[in-house]
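The residues making up each chain are set out below.
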Amino acid sequence: TNNISKVFFKTYSLGDINKSEKSFSIVNTDSGNYILGVDADGYLYLFKTKLSGKLLWKKKVVPENGYSLEVGDLQKIKDGFIILTGKDGVVNNNYNSVTNLIKLNNDGNVIWNKTYNMDNHEINQSLTTTSDSGFLIAGNVDVGPVKNIILFKVDSEGNKVWKKLIPYTGSL
């Protein structure tokens, strides 16, 4: 038998968008609330809710670089939140990859938004904090028959420190 019961089910409006969400990430705040990041129609929507699902606020983050934003990862940090976004796409007739790292305060307001132009259509998918309050970002890229794992380090203000490609063949 299945002993799982539904506590609540909520639907939050994204306004007048034309497409459904593509990806999302959720994180627990220190106060027991939750921040949900959803991308839709090229924008990033943030929702803060109580455990009961009651909506506390909703924010819309507009891309600064002409690319649309797609949620990769969302993390709680000591003074707010950090969101990793990535997009592979065409801007000004050029096919490029970009990664954005967006730092938000506890109210969901953008403190800074850094854009990193990436080589070889890199897709960055995950991040973690480092002991020096910076961030380590991981992703992948396919270049011909060679596949690479990408790691890049940024400092606490989002400035790129280094980037490494780790080649692999076949599956891991």
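The shown structure was predicted, so the numbers you read here are calculated from the model rather than taken from an experiment. (Residues numbered from 1 in each chain as written. Predicted model: local features only at pLDDT ≥ 70, side-chain atom pairs only at ≥ 80, totals over all residues. Heavy atoms only, no water.)

A. Representation of the overall build of the protein chain in the model. Secondary structure assignment for the protein chain yields 0 helices and 12 strands. Beginning at the N terminus, the succession of helices and strands in the protein chain can be written as β-β-β-β-β-β-β-β-β-β-β-β. Considering the protein chain as a whole, with its 172 residues, one finds that 38% of them fall into the buried category. Across the protein chain, contacts joining residues at least 24 apart in sequence account for 36% of those joining residues at least 6 apart. (Helix = DSSP H or I, 4+ residues; strand = E, 2+ residues; numbered from the N terminus. Buried < 20%, exposed > 50% of the residue type's maximum accessible area, 1.4 Å probe, protein only. Contact = heavy atoms within 4.5 Å.)

B. Broad picture of the environment of asparagine 109. Position of asparagine 109 among the secondary structure elements: in the loop between strand S7 (94-104) and strand S8 (110-118). Among residues more than four places away in sequence, those in contact with asparagine 109 are Lys59, Lys103 and Leu104.

C. Expanded view of the pattern of salt bridges. Under the counting rule described, the total for this entry stands at 2 salt bridges. Close ionic contact of lysine 103 with aspartate 79 constitutes a salt bridge, the shortest N to O distance being 2.8 Å. Separated by 24 residues along the polypeptide, lysine 103 in strand S7 and aspartate 79 in the loop between strand S5 (71-77) and strand S6 (80-91) bring together distant segments of the chain. A residue is classified by how much of its surface remains accessible, and lysine 103, at 9% relative accessible area, is buried. (Salt bridge = Lys/Arg side-chain N within 4 Å of Asp/Glu carboxyl O.)

D. Inspection of the packing of aromatic side chains at higher detail. A complete count under the given rule lists 0 aromatic pairs for this structure. Above the face of the phenylalanine 152 ring, lysine 160 is positioned so that its terminal group lies 5.3 Å from the ring centre. The aromatic ring of tryptophan 162 is capped on one face by lysine 164, whose charged end is 5.7 Å from the ring centroid. (Phe/Tyr/Trp six-rings, centres within 6.5 Å; stacked < 30°, edge-to-face > 60°. Lys NZ or Arg CZ within 6 Å of the ring centre and 35° of its normal.)

E. Just the sheet that holds strand S4 (residues 55-61), in detail. Reading across the sheet, the 4 strands line up as S1-S2-S3-S4 and stay open at both edges, with antiparallel pairing between neighbours. In the strand order of this sheet, the two ends are held by strand S1 (24-28) and S4, each with one partner. Geometrically, the sheet is characterised by an average inter-axis angle of 15° between neighbouring strands, direction not taken into account. The sheet contact formed by strand S2 (residues 34-40) and strand S3 (residues 43-49) spans 7 bridges and is antiparallel. Paired with leucine 36 across the strands is phenylalanine 47, a residue of S3. (Pairing = 2+ DSSP bridges. Axes fitted to C-alpha atoms, helices over the stretch in contact; angles between N-to-C directions.)

F. Region of interest: the nonpolar core. Counting residues in each nonpolar core, the largest one holds 13 residues, and the members touching the most others are Leu44, Leu46, Ile83 and Ile102. Elements supplying a minimum of two residues to this core: S3, S4, S5, S6 and S7. Counting residues in hydrophobic clusters, the runner-up holds 12 residues, among them Tyr116, Leu127, Ile137 and Phe152. (Core = buried A, V, L, I, M, F, W, Y, C linked by side-chain atoms within 4.5 Å.)

G. Inspection of the environment of aspartate 155 at higher detail. Counting through the fold element by element, aspartate 155 comes out in the loop between strand S11 (146-154) and strand S12 (160-168). Remark: the alpha-carbon pair of aspartate 155 and serine 133, spanning 22 residues in sequence, is separated by 7.0 Å. The contacts of aspartate 155, once residues within four sequence positions are left out, are Gly134, Phe135 and Val161. At a separation of 2.9 Å, a polar atom in the side chain of aspartate 155 contacts the main-chain amide nitrogen of glutamate 157. (Polar contact = N/O pair within 3.5 Å; in protein donor to acceptor, adjacent residues only side chain to side chain.)

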